[in-house]
Each structure stands twice: as structure tokens, then as C-alpha cells.
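A structural walkthrough
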Amino acid sequence: MALRAGVLHRRPRLRLGLLLGPPMLWLGVLYLGSLAALFITSLWSVDAFGGNIERIWTLDNYRDLFTIDVYRTITVRTLLIAAAVTIIDAVLAFPVALYMAKVASPRLQRILVIAVLTPLWASYLVKAYAWRGMFASGGPLDAVGLSPGYGLAATVLTLSYLWLPYMILPMYAGLERLPNSLIEASADLGAGTGTTMRRVVLPVLFPAAVAGSIFTFSLTLGDYIAVKIVGGANQMLGNVVYDSFLTGNNLPFAAAVATIPVAAMLVYLTAVRRTGALDSL
Amino acid sequence: MRRSTITRAATGAVLALVLTGCGTSSGDDDGGGGGATGSEEQGGFTAPDIEMAESLGDNEGTLSVLAWPGYAEDGSTDKSVDWVTPFEEGTGCQVEVKYFGTSDEAVSLMKSGQYDVVSASGDASLRLIAGGDVAPVNTDLIDNYADVWSFLKDRDWNSVDGQMYGVPHGYGANLLMYNTDEVDPAPTSWSSVFDDAGTYSGKVTSYDSPIYIADAALYLMNTQPDLGIKDPYSLDADQLAAAVDLLKQQREHVGEYWSDYLKETQAFKTGDSVIGTTWQVIANLAQSEGATVEAFLPDEGSTGWSDTWMVSSKTEAPNCAYAWLNHIVSPEANAAVAEWFGEAPANEKACDLTSDGFCESYHAGDEAYAEKIHYWTTPIEQCLDGRTDVTCTTYQDWTQAWTEIKG
Amino acid sequence: MTRSVLLAFSALVLLFVYAPLALVVLNSFNTSRTFEWPPPGFTTKWWSAAVDSEGARNAIVVSLEVALVATVIALVLGTMAALALQRFRFFGRDTVSLLIILPIALPGVVTGIALANAFLTMFGIELGMLTLVVSHATFCIVTVFNNAIARLRRLGGNLEEASMDLGAGTFRTFWSVTLPMMRSALLAGALLSFALSFDEIIVTTFTAGQGIQTLPIWIYQNLFRPNQAPVVNVVAAALIVLSIVPIWLSQKLAGTDESVAAAR
Amino acid sequence: MSTTAVELVGLSKSFGDVTAVDGVDLEIRDGEFFSMLGPSGSGKTTVLRMIAGFEQPTSGRVHLAGQDVTGRPPFARDVNTVFQDYALFPHMDVLANVEYGLRVKKVPRAERRERATAALEAVQLGDLAARRPTQLSGGQRQRVALARALVNRPKVLLLDEPLGALDLKLRRSMQLELKQIQRDVGITFVFVTHDQEEALTMSDRIAVFRDGRIEQVAAPADLYESPASPFVAGFVGTSNLLEGEAAHTVLGRRGVFSIRPEKIHLGDEVGDDDATAPGVVQDVVYLGSVNHYLVELDAGPTLTVLRQNLRGTTHEAMALRGQRVTVGWAPEHVIELDQERQGQQHQELEES
């Protein structure tokens with residue numbers, strides 16, 4: 001044992017290899033491999049009858065994707081929904097996270113964390129259906145004249161609701177790490193509340209918010225259920241992927257559509273990488 | 001269970017949990033050709049020569065069932081819903097159930113030869129016959145077969161040249177439902193959700209699946225004979241385009257598309273939807289919940305479904321398989337399935353066991369009614385209506401079109 | 001002033017968070033099978049139906065199993081990855097950390113069809129429990145990884161050096177020092193991973209196969225059965241209440257954790 | 001006992017492009033209290049870590065008690081370390097911390113307990129055995145860390161700025177205590193510090209580090225009285241450098257010279273045999289027992305002069321500010337510094 005450990009100790013590369021090997025095999029080979037296979041599949045087509053894949057290289061799927069207006073419309077709609085959800089969540093999460101991290105007593109802080117985490121355990125579907133009930137004609141929101149009815153607004157609200165904890169938690173973690181002395185120092189140097197927020201809190205908050213936004217953005221880009229439940233007649237990218245794949249039995253086309261959210265997320269990840277947000281996920 | 005009605009006809013709109021056998025390997029070239037030529041005209045279609053059971057022996061002890069979810073309940077979903085346990089007790093055949101999500105999946109799973117019986121929909125049955133995956137069924141060995149409505153026997157999705165390949169199990173139609181308070185005068189035709197959809201703009205609802213294109217095609221078949229649509233499941237490119245245009249117009253007035261009971265029932269109850277397609281089971285539910293709705297089958301006919309239980313050609317438990325077929329169309333089991341699933345039973349006597357008014361509300365045994373149903377079939381390249389001069393649009397085309405329609 | 005504004009706003013957001021949940025609980029007593037508003041009557045029949053529902057019980061067991069196994073895998077792989085990335089500087093390190101968050105950063109529908117396609121065609125495995133667990137573990141790794149690496153960063157390497165200095169080998173040090181120091185962080189990560197897996201529906205839809213019914217799948221199917229929808233509400237309401245136990249436990253553990261920082 | 005406890009041969013360590021330790025040769029004798037002194041980034045901690053085995057040298061060898069241990073991991077070396085931040089295991093109580101090394105070596109429970117308790121008694125912490133590290137004060141933690149290392153009876157004890165986190169008073173008393181413990185146990189101590197006073201107080205010998213190299217190794221008095229370079233002279237005490245033209249004017253010689261502040265006489269203290277130079281008092285710094293006078297010589301350089309507050313009042317001392325004075329020193333107190341090392345301007349290195 002000691003001998004083996006000694007060998008390990010002398011050879012950090014070996015240690016690194018042993019540590020990194022299994023996770024990389026899992027993620028690098030299985031996951032990336034799957035994504036690569038999916039991408040390759042997007043360059044094939046299906047036969048006319050059984051939905052069997054024909055391994056003939058073709059860009060038809062992408063041609064359809066770029067030339068048929070509806071896909072652009074859906075892409076733009078989905079991205080806008082994702083952006084709206086992210087912004088709403090950021091706006092809603094910030095005061096809560098700030099209150100939790102900087103104002104609440106340790107005891108209340110703990111209770112609030114539980115209060116934020118608990119909804120995560122309630123089923124996604126049940127929550128989405130609860131919102132359907134909230135938005136219904138004659139439902140609780142309509143009764144007070146606040147229901148937007150089923151449609152995009154309802155979709156944005158429901159998704160914002162569903163992903164809110166994913167925004168509050170990283171923000172809270174970020175703010176908790178911000179020493180109180182920094183806020184006090186800022187106030188000591190004569191900064192008003194607004195200035196302290198802008199100059200001290202927000203820079204700390206930003207990477208945390210970006211980390212949260214990765215969740216809200218990605219989860220929204222891939223969602224196809226909430227929009228079905230509260231979205232009226234609208235559809236999102238997730239629906240197209242889902243319908244092409246499971247309903248239409250057309251994996252190549254589904255794969256081609258799937259490259260849109262993947263590309264969007266990769267662009268987003270690359271953009272936020274330098275903010276350090278990826279460390280505060 | 002109920003929701004599987006949704007996935008039927010390979011639509012899988014709501015959940016179809018599983019991938020079909022497709023994917024990057026295109027290994028099995030299952031019956032591309034054979035089943036394709038199936039439906040309406042069986043010209044040139046010859047079923048593979050598969051031996052049919054002539055007599056029954058002792059039960060083998062186990063049975064592997066491949067079924068739509070909800071077709072083989074053993075009480076685990078709801079204690080009172082159980083027709084598998086009585087079968088096991090009565091026959092000594094221990095049942096193992098595997099559910100499938102789409103007809104494609106059913107076909108590819110049957111090819112593995114691991115399953116003894118399968119509940120096949122119209123779009124899977126012919127492929128199974130042509131592929132030699134299922135055996136002809138000797139209906140003489142199935143006592144309860146005699147009680148099956150005659151209009152379900154020897155149909156082109158369950159028989160070849162007068163030879164049955166299974167026993168009919170249940171069927172249903174897609175109806176037109178409307179809110180009796182809001183919709184006045186009462187509609188009589190599908191035109192109220194197509195050409196006249198504007199009257200209730202924003203409160204029209206349609207079934208959320210590419211297969212719904214057939215509803216539009218059926219409507220066009222009646223209203224625009226020039227298009228030459230003979231079968232709503234075999235549309236050439238122009239015919240599909242016409243159906244898509246019609247649906248795009250309808251889209252302007254659609255409040256939401258539905259794909260599950262709860263959603264549609266809620267929508268009709270709250271008044272968010274006032275007119276649209278439905279299933280009988282939803283209409284009944286909505287009424288029992290106090291919604292002021294009516295559902296009916298318009299004169300121009302409608303789309304619908306019909307399922308058949310079939311026996312694998314490779315089964316090692318033919319006796320248990322026949323016992324299952326006999327059991328599932330027995331009045332007791334058939335009634336239980338029909339009520340649980342929400343469809344018309346195939347067995348006449350089942351109607352004596354169902355709750356009051358059940359069979360009436362589902363129009364079970366109403367031959368004229370059944371004749372108006374155009375059963376769901378997967379659209380394929382070969383035109384099912386017998387045309388050979390054009391290529392028809394496939395279900396993949398329909399799926400893309402459906403995305404475009406919804407926009 | 002600012003504090004009271006913050007408090008008021010936070011209270012509003014919490015109201016926003018809990019109003020629909022309250023509706024869920026309320027509807028579990030609603031006599032209407034389609035969640036009529038306002039509820040026409042009060043009944044406990046859905047609760048007794050839920051208690052009797054074997055399907056719900058089985059689904060919960062399946063979900064617990066899947067979440068448990070996926071979490072264990074994620075714990076092992078996530079901890080390994082965190083140790084590798086925290087302790088070593090190597091070429092491609094940033095790429096590796098990006099790769100780890102990728103399964104959670106890419107939409108579930110993409111992960112779902114990519115993995116399903118790979119299982120069926122690249123590996124030739126029939127969809128089932130195995131493929132489901134593997135898929136869940138894939139996106140769970142990141143939650144463990146994040147918690148683990150944050151803790152490792154805070155710990156630095158000093159304690160491990162101290163242990164080795166006192167004669168403990170690599171494995172002994174990991175077991176006696178590193179692991180105990182990471183315990184609460186790993187627990188928090190595991191809990192999140194467990195919750196993530198437990199309520200996951202999209203990737204599950206694609207990778208579970210027809211025979212496997214997890215709780216979300218059961219809920220999905222049952223929400224669309226008119227007689228079952230209220231029962232689903234009961235199950236959800238019960239889960240909300242029950243979930244407080246593990247969350248509370250994790251919080252308690254995280255609380256004792258501050259000693260880690262203080263000890264340094 | 002003139003055996004060698006630690007021998008470093010051509011020891012170098014690079015972190016990427018940065019050379020932290022650059023060819024160090026050193027012998028540390030058995031039983032000696034040896035200090036490694038230098039500014040932060042001078043490589044002293046890295047050398048310590050290579051002795052402990054936490055870092056592998058880029059080149060060179062480490063010998064412990066005559067054995068080459070270069071490739072060995074920390075747990076296979078008979079040395080123990082007291083860390084700067086103590087690195088006490090927060091999840092174990094004090095006793096468990098101290099027992100850890102013995103438990104790892106599979107020392108029987110009874111003996112383990114006995115030795116650990118004794119070690120805690122030795123650092124006067126016998127009654128805190130059940131406490132958690134978080135419940136201890138800084139000084140107490142420091143003692144636990146010491147006990148935890150000493151209980152293993154290592155050949156060499158490595159101490160990495162262990163007193164850095166303590167307040168001045170505690171630090172002073174711990175310095176004496178450490179020295180006492182070292183004498184009692186007779187173990188070789190290798191002590192890293194950037195505090196010259198600390199090094200001078202405790203050490204038998206001191207190595208002064210600069211930019212990854214050893215500038216000088218000597219006993220404290222030798223180091224102070226005969227620094228080998230301007231750097232050593234400046235780092236150990238205040239150097240009062242005279243060089244170039246100024247040296248020629250004041251001392252009549254060319255070269256680099258240093259005069260310690262306490263050796264310089266001011267005004268009426270200037271003796272008859274003293275060499276003298278005129279200047280102006282720029283500032284007077286009151287330090288309680290002593291005062292520092294900053295005198296700018298007419299020849300250019302400013303010298304610091306230290307005078308004890310034996311006589312007169314603070315007021316009188318302050319009154320010297322701005323006055324012309326004469327400073328003087330005995331010629332034998334002028335230290336000539338190594339010419340060759342003069343003017344070397346190494347870039348400060350980051351120690352990681």
C-alpha cells in the first residue's frame with residue numbers, strides 16, 4: 001500500500017490520469033461521443049417508410065432548417081423566451097438572495113434556504129399544471145383580473161417560476177461569500193446604498209447571476225412540456241426536436257434542430273467563461 | 001392507458017417514452033415494402049406462409065405480452081383495474097407485460113421474437129403480417145370470437161384474403177365537441193372548426209399531433225372533391241399542401257392544441273375552449289364534471305382507431321397466447337379494458353357488463369357509426385389509396401408540416 | 001428602509017413561489033377531478049386513493065433507486081474530477097471543466113436524444129434501468145463536482161500535506177482527512193443531484209425505455225388520466241412536505257461546516 | 001555530534017518559467033536549531049517543502065541523515081512539519097490530532113494515548129485534549145501543531161513561519177519556549193522565517209535567502225557583525241551603507257561599507273579615537289527605550305543612529321531635529337562588504 005502510494009506520489013501524472021480517467025471516459029467518450037454521433041446523424045436522412053436511417057450524407061436537414069421560415073420563427077421565439085425568463089429570474093432572485101445572505105439572521109437564513117429548495121422537490125409537471133390552473137379562465141389569477149391567459153406570457157411566467165430556485169441559489173452563494181466588510185468599507189468611503197450596490201455588490205453578483213442564467217437559459221431552451229401546458233397554440237424548439245424525434249421518427253432532422261440550442265449554449269458558455277461564472281455554478 | 005390512445009397511430013404526441021428502433025443503425029429493414037402496400041387495396045399482397053394452430057393443448061405456464069400501456073392492467077395502477085390476475089389464475093399462464101410507445105417500436109420488438117402476443121394498431125398490423133412476425137389466428141379456437149361485432153372482422157387491417165390474423169379488441173372515433181352554452185347554433189359539420197373557425201376565434205382546439213392533418217384531409221375530401229383525396233392517409237404533395245393551408249387558416253383561431261384529457265377537459269370546463277376535436281371518453285368526463293358540452297360524429301365521418309391482438313409466429317407458448325386472446329375479448333376483460341381505456345369494446349356481450357349507458361355513449365356495435373370512421377394509419381410513400389402514378393407524403397413530411405402549421 | 005423594502009420584495013417572491021404549491025395542496029382535497037376553481041367541495045378520497053396506489057408506490061421506489069444509484073456514480077466521478085482539477089494544473093484543464101458542466105448546460109432534450117441514440121446504435125443496449133441510471137449520472141456529476149471543488153478550494157492542500165507529513169499514505173490521507181473534510185460538501189452535492197434525478201423527466205423520457213416508470217413518468221401518465229390527476233396532486237403535495245426532511249438535514253450539516261473555514 | 005541531519009545538494013525548483021530555488025547547497029547539523037531567513041519569495045519555504053517532500057526538486061538531491069530521500073513521498077521521510085496555519089484537522093479533537101501520526105504508524109492504542117498525552121503536557125495543553133481546534137486560541141493551536149509533530153519523534157522538525165499569526169507578546173514568549181523545547185528534545189529544528197529578530201533570537205545558525213539562493217550561512221553574531229553582502233547587512237539589522245564617492249570622502253577608502261546604528265556615536269558621545277563626519281539631523285523617531293536619529297551626512301548618505309534613552313528627556317532628544325551634529329565611530333566597527341556581490345539586482349521571485 002505504502003509502496004503503491006509512493007509510486008503514485010512520485011508520479012503526479014499517473015495520479016492525475018487515475019483521477020481524471022474515469023470521469024473523462026464517462027463524459028468525454030460516452031457523452032461527447034453521443035453528441036458527436038447525434039451531429040453525424042443530423043447529416044443523414046430517414047427512408048420514406050419505416051423511419052429507418054439512411055446513411056447518405058446530406059445537408060438537407062440543415063437546408064430545411066435555414067430555408068423554412070417557421071424554424072427561424074421558432075428559434076427566435078425560443079431565444080426570446082429564454083432571455084425573458086433569465087432576466088425575470090435574475091430580477092426576482094436578486095433581492096431574495098441579498099436578503100437571505102446579508103440581512104436575515106442565521107436562523108432565518110437557514111429557513112429561507114429550505115423555503116427556496118423545497119419547491120424543487122415538487123414535481124415539475126404538477127407545478128406546471130398548477131400554473132395552468134392559475135391562468136385558467138375563472139381561475140385564481142383571472143378572478144383578480146391578472147391572468148394573461150394561455151400563451152407566451154404564461155409560458156414565460158411558468159418557466160420563470162420553475163427555474164427561479166436555480167437562480168436564487170448561486171446568487172445567494174455568491175453574496176454569502178461577499179464579506180460584509182466590503183459593503184461596510186464602501187459605505188465607510190461615503191458610497192450610498194445605490195453606489196454600493198453598483199460598485200461592490202453587482203460585480204460579485206454578476207458571475208453568480210451568469211451561473212444561474214446557464215440553468216435558466218438552458219432549461220428553457222430544452223423545454224417542451226410547459227409550453228404545451230400553458231403556452232396556448234405556441235411551440236418552442238424543444239417541441240420541434242421532440243416531435244421530429246418521437247412523433248415523426250425522424251432522428252436526423254431532430255438532431256439538426258438540436259444543434260440550434262447546442263450552438264446557442266456553446267456561444268453563451270464561451271461568452272461567459274471569462275467572467276468566472278463557470279466556477280460558481 | 002388512456003393516454004396511449006394519444007400515442008396510437010405512431011403519433012406519440014404526448015409521451016411515447018421510447019425511441020423506436022430507428023437510430024444510427026438501420027439494421028432491420030423490416031417490412032418496408034410488404035406492409036406498405038397493405039391497406040385499402042391488397043392487390044399483390046401475399047402473406048408469408050405461416051402455420052396456423054389447429055388445436056390447443058396444455059398451457060405452457062408463461063406468457064409474454066407486448067401491449068399499449070393500459071391494455072394489460074394488473075392492478076398496479078389502480079387496485080380495481082385488473083384483468084391480468086384473473087387470467088393468470090384461470091389459465092396458470094404467468095404474464096409478463098412489456099409496454100411500447102409507438103407502433104414502430106411494437107414492430108421492431110416483435111421482430112425479436114421474445115413476445116407471444118401483441119396489441120397492434122392499424123398501422124402496425126399489416127407490417128407484422130407481411131413481415132411474417134405474426135401467425136394467422138384460428139378463430140375457431142377462440143370461443144369468445146363469435147361475440148365480436150361482425151363489422152370488425154375480416155377487415156383489411158386485420159386479415160388477408162379472409163384469413164384473420166388476430167382478434168379485434170376495441171375502437172373509437174375522434175369526435176367534434178362543443179360547448180352548448182357558447183356555440184349556437186349547434187354545429188353539424190367539421191366546417192365549424194375549419195372554414196367557420198373564425199366564429200369562435202381563439203377558443204377552437206385541435207388535437208396536437210401530425211396525424212390531425214388527416215382530419216383536415218377528410219374535411220377536404222368532402223368539401224373539395226377536385227383535390228381527388230380518396231383516403232385521408234394517402235396524400236400527395238399537392239393534397240398535403242391543401243390540408244396544410246386549411247390547418248394554417250385554422251391555426252389563426254386555435255386557442256390551444258390539446259393532447260391529454262386533463263388539458264382538454266379543463267379548457268372546456270373553464271370556457272378557454274368551446275369547440276374542437278375530442279374523444280368520447282373526454283366528452284363523458286367533461287359532462288360528468290359539469291361542463292355543458294356535447295360531442296358527436298359529424299356526417300362527413302371522422303378519423304379514429306381500431307386495435308387487434310395478434311400472436312407471434314415464433315411463440316413458444318401458443319396455448320397461453322390463444323388463452324390470452326380468448327381472455328382479452330371475453331365480455332369481462334373486454335368490458336374492463338373498454339371502460340378503463342375509454343373506447344368501444346369489440347365484444348358484443350361486453351356491453352352487458354359495462355356501466356349503464358357506456359356502450360351507448362361510445363356507439364359500440366353501431367355499424368353505421370363505425371363505417372364512418374377512417375382508422376388511423378401511418379402515411380407512407382406508397383399511396384394507400386391504390387394510386388401508383390404519384391408518391392405520397394410520409395409521416396415525416398406530416399411531422400414537419402405540423403411544425404409549420406403551428407408556427 | 002432598504003431592509004424593509006428587501007423584506008417586502010422577498011416576501012412577495014416567496015408568495016409567488018408558494019401560491020401554486022398551495023394550489024396543488026388545495027387541489028388534492030378538491031372534489032373536482034379537473035381542479036375546478038373555486039373548488040366545489042372538500043374530499044380526502046384522493047389521499048386514500050394515493051395511499052392505495054401501487055403504481056405511485058412502485059414509481060417512487062423506482063425513482064429512489066435511480067436517483068440513489070445515479071447519485072453514487074456522480075459522487076465517485078464528481079469527486080475524482082474535482083480532485084483532479086483542483087490539485088493539478090494541466091493542459092486542457094479548462095476544457096475538462098467545461099465538459100463537466102456541459103450535460104447540465106445543454107438542454108435536456110438534446111442530452112436525451114443524444115444518449116438514447118448512442119445507447120441504441122453505438123452501444124446496442126436496450127433502453128432500461130441501466131441506460132436511465134447512466135443518463136442521470138451524466139448530468140448529476142456536475143452538482144457533486146461543483147460542491148466538491150468549492151470545498152477543496154477553500155481547504156487548500158495543507159491538511160493533506162500535514163497528514164502525509166505525519167506518515168499517512170495517499171489513500172490513508174484521502175480516507176482520514178480529505179474525505180471527512182469534504183463530507184458535508186459532498187452531502188450537499190449528493191442531495192442536489194438526488195433531487196435533480198428524482199424530478200427529471202425530459203432525459204428520462206428518452207432514455208428510460210417503456211418498462212421503467214419513474215415518479216415523474218408516472219405523474220406524466222397519470223396527469224392525463226382524469227381519475228388520477230387529483231391523486232398525482234396528493235403525491236406531489238406529500239413530496240413537498242417530505243422533501244423538507246432531507247433539505248433540513250443538509251442545511252444542518254452545512255451549518256456545522258463553517259468550522260472548516262474557522263479552523264484555518 | 002557532528003553528523004549531518006539534512007544535506008541539500010544543488011537543489012533547484014522551477015514552477016513553470018519561474019525559478020523559485022536556484023542551486024542551493026546546504027548542510028544542517030544534527031541537533032541544531034537552524035533558521036532559513038529571507039524576504040517572501042526568496043525560496044526558503046520552497047526549500048523547506050522539498051525537505052518535507054511536498055515538492056519534488058527540479059534538480060538536485062535531498063539527504064536526510066545521510067540517506068538520499070529525494071524521490072520519497074512525505075510519509076516516507078522521518079521529518080515532521082509545523083505549518084504556518086497549523087493545518088490542524090478540524091474534524092478531530094486535539095488528542096486525535098496529536099495521535100494521528102502514531103495511529104498511522106500503527107502504534108498500539110495505550111502507548112499512543114500515553115505519548116500523545118505526554119506531548120500535550122509538554123506544550124502545557126494537557127487539559128484541552130478533548131477540545132476541537134476551532135475552540136482554541138491561536139497560541140494554543142500553535143502548541144497543538146507542535147505537539148502533533150513532536151510526538152512522532154522525528155529526526156528533523158520543520159517549522160514554516162509558525163509564529164507568524166501570533167501577536168507580538170505571544171510570539172516573543174513562544175520564541176523562547178520553542179528554543180527551550182528544542183534543547184530539551186534535542187531534535188534538529190529547521191525554522192523558516194522572514195523575521196530577522198526571530199531568527200537571531202533562536203537560531204544556532206542562519207541561512208539568508210535571496211532570490212532562490214543562499215546569500216550567507218552563519219551564526220547569528222557572525223551574520224550581524226560580518227554580513228557577507230549589502231543584502232545581508234540590510235536584511236539583518238539596519239545597514240547604514242557607505243559606498244562610492246561618499247565612502248571615499250567619509251572613510252578615505254573606496255568600496256562598500258556598513259556601520260551598525262548602535263555603533264555610531266552622536267554629538268557629545270563621540271570619542272577621541274573615533275572617525276567622525278558632520279551632518280544634519282533630519283528626523284528623530286521615538287521608540288520608547290531607544291531613539292533613532294536620521295542624520296544626513298554632508299557627504300551625501302543618510303545614516304541611522306541608535307541611542308538609548310538613558311539620560312535626558314524626550315523633549316531634549318526631539319530638540320535635536322534640524323541641528324547640525326557630528327557623528328563618530330570606532331574604526332573597527334566599519335564592516336567592509338563583499339565587493340563582488342555588490343550591485344547585483346536580482347528580480348524578486350514569486351514564491352508559490
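What counts and how
Residues numbered from 1 in each chain as written. Chains lettered and ligands numbered in written order. Predicted model: local features only at pLDDT ≥ 70, side-chain atom pairs only at ≥ 80, totals over all residues. Heavy atoms only, no water. 1 Å grid on protein atoms, 1.4 Å probe; cavity = no way out; pocket = protein on both sides within 12 Å on 5 of 7 lines; lining within 4 Å. Points joined across faces, edges and corners; volume = space filled by probe spheres on them. Helix = DSSP H or I, 4+ residues; strand = E, 2+ residues; numbered from the N terminus. Nonpolar A, V, L, I, M, F, W, Y, C, P; charged D, E, K, R; others polar. Domains from an automatic or database assignment. Contact = heavy atoms within 4.5 Å. Buried area = accessible area lost by both parts, 1.4 Å probe. Salt bridge = Lys/Arg side-chain N within 4 Å of Asp/Glu carboxyl O. Polar contact = N/O pair within 3.5 Å; in protein donor to acceptor, adjacent residues only side chain to side chain. Disulfide = S-S within 2.5 Å. Buried < 20%, exposed > 50% of the residue type's maximum accessible area, 1.4 Å probe, protein only. Axes fitted to C-alpha atoms, helices over the stretch in contact; angles between N-to-C directions. Parallel < 35°, antiparallel > 145°, perpendicular 65-115°, else oblique. Left-handed = near helix turned anticlockwise from the far one by under 90°. Expected span 1.5 Å × (residues − 1). Patch = residues over 30% accessible without salt bridge, like charges linked within 9 Å, V, L, I, M, F, W, Y side chains within 5 Å. Areas by Shrake-Rupley, 256 points an atom, 1.4 Å probe, with all protein chains shown as cover.

1. Side note on empty space enclosed by the protein
Under the defined criterion, the tally for this structure stands at 13 cavities of 30 Å³ or more. Volume-wise, the largest cavity comes out at about 480 Å³. Taken together, 26 residues line the largest cavity, and the ones lying closest to its centre are A:Trp163, A:Tyr166, A:Leu219, C:Leu196 and C:Glu200. Mapped by element, the contributors of at least two residues to the lining of the largest cavity are α6 (124–135), α8 (152–177) and α10 (193–222) of chain A together with α4 (93–105), α5 (108–122), α8 (170–198) and α9 (202–207) of chain C. Among the elements that line the lining of the largest cavity, the one with the most residues is α10(A), at 4 residues. In the lining of the largest cavity, the residues fall into 18 nonpolar, 4 polar and 4 charged.

2. Let's talk about the domain arrangement of chain D
Residues and elements named next belong to chain D. Taken domain by domain, chain D consists of domain 1 (4–234) and domain 2 (238–336). Residue-level contacts link 8 residues of domain 1 with 8 residues of domain 2. Buried area between domain 1 and domain 2, summed over both chains or domains, comes out near 610 Å², and the portion from carbon and sulfur atoms is 53%. By the criterion of area lost to domain 2, the three top residues of domain 1 are Tyr224, Pro230 and Ala233, representing 66% of everything that side buries. Taken together, the connections running from domain 1 to domain 2 amount to 0 salt bridges. Taken together, the connections running from domain 1 to domain 2 amount to 3 residue pairs in polar contact (both at pLDDT 80 or more). When residues of the side of domain 1 that touches domain 2 are traced back to their parent elements, those giving at least two are α7 (220–225) and α8 (230–235). The residue inventory of the side of domain 1 that touches domain 2, partitioned by class, reads 5 nonpolar, 2 polar and 1 charged.

3. Comments concerning the state of the cysteines
Residue and element names in this part refer to chain B. A full pass over the atoms with the stated rule returns 3 disulfides over all chains. In this model, cysteine 351 is linked to cysteine 359 through a disulfide, with the two sulfur atoms separated by 1.9 Å. One quick way to see it: the torsion about the S-S bond of cysteine 351 and cysteine 359 is about -90°, and its sign makes the bridge left-handed. Classification of cysteine 359 by relative accessible area gives buried; the value is 5%. In this model cysteine 383 forms its disulfide with cysteine 392; the gap between the sulfur atoms is 2.1 Å. Residues cysteine 383 and cysteine 392 share a disulfide whose torsion about the S-S bond is about 105°; that sign makes it right-handed.

4. Structural notes on the packing of helix α2 (residues 94–104) of chain D against helix α4 (residues 138–150) of chain D
All names here are of chain D. Relative orientation of the contacting elements α2 and α4 amounts to 30°, with a least axis distance of 7 Å. It follows from the interaxial angle that α2 and α4 lie roughly parallel. Seen from above, α2 lies across α4 with right-handed handedness. For the pair α2 and α4, the contacting residues are Val94, Asn97 and Val98 in the first and Val144, Ala147 and Arg148 in the second. Tallied by class, the residues present in the contact of α2 with α4 amount to 4 nonpolar, 1 polar and 1 charged.

5. Overview of the interface of chain C and chain A
Taken together, the contact pairs 90 residues of chain C with 89 residues of chain A. Approximately 8,200 Å² of surface area, both sides summed, lies buried where chain C meets chain A, with 81% of it carried by carbon and sulfur atoms. Run the count over chain C and chain A and you get 0 salt bridges. At the boundary of chain C with chain A, the tally comes to 7 residue pairs in polar contact (both at pLDDT 80 or more).

6. Quick word on the domain arrangement of chain A
In terms of domain boundaries, chain A breaks down into domain 1 (2–41) and domain 2 (67–280). Averaged C-alpha coordinates put domain 1 of chain A and domain 2 of chain A at centres separated by 33 Å.

7. What about helix α7 (residues 237–251) of chain B?
Residues and elements named next belong to chain B. In this model, α7 (15 residues) spans 20 Å end to end at C-alpha, consistent with the 21 Å of a helix rising 1.5 Å per residue. Considered for burial, the residues of α7 that qualify are Gln239, Leu240, Ala242, Ala243, Val244, Leu246, Leu247, Gln250 and Arg251. One side-chain oxygen of the residue at the start of α7 lies 3.1 Å from the amide nitrogen of aspartate 238, identifying that residue as aspartate 236.

8. Regarding a nonpolar patch on the surface
Residues C:Leu68, C:Val69, C:Val72 and C:Val76 make up a contiguous nonpolar surface patch of about 330 Å² in total accessible area. When its relative accessible area of 45% is taken as the criterion, C:Val76 is described as partly exposed.

9. Focus on unusual backbone geometry
Put simply, B:Asp184 and B:Pro185 share a cis peptide bond, and its omega is 5°. Mapping B:Pro185 onto the fold places it in the loop between β7 (167–179) and β8 (204–207). With phi around 60°, D:Lys106 is a residue other than glycine that occupies positive phi space. Note that D:Lys106 resides in the loop between α2 and α3 (109–122). The backbone of D:Asp211 shows a phi angle near 50°, a positive value even though the residue is not glycine. Among the secondary structure elements, D:Asp211 is positioned in the loop between β9 (205–210) and β10 (213–218). By relative accessible area, which is 6% here, D:Asp211 ends up buried.

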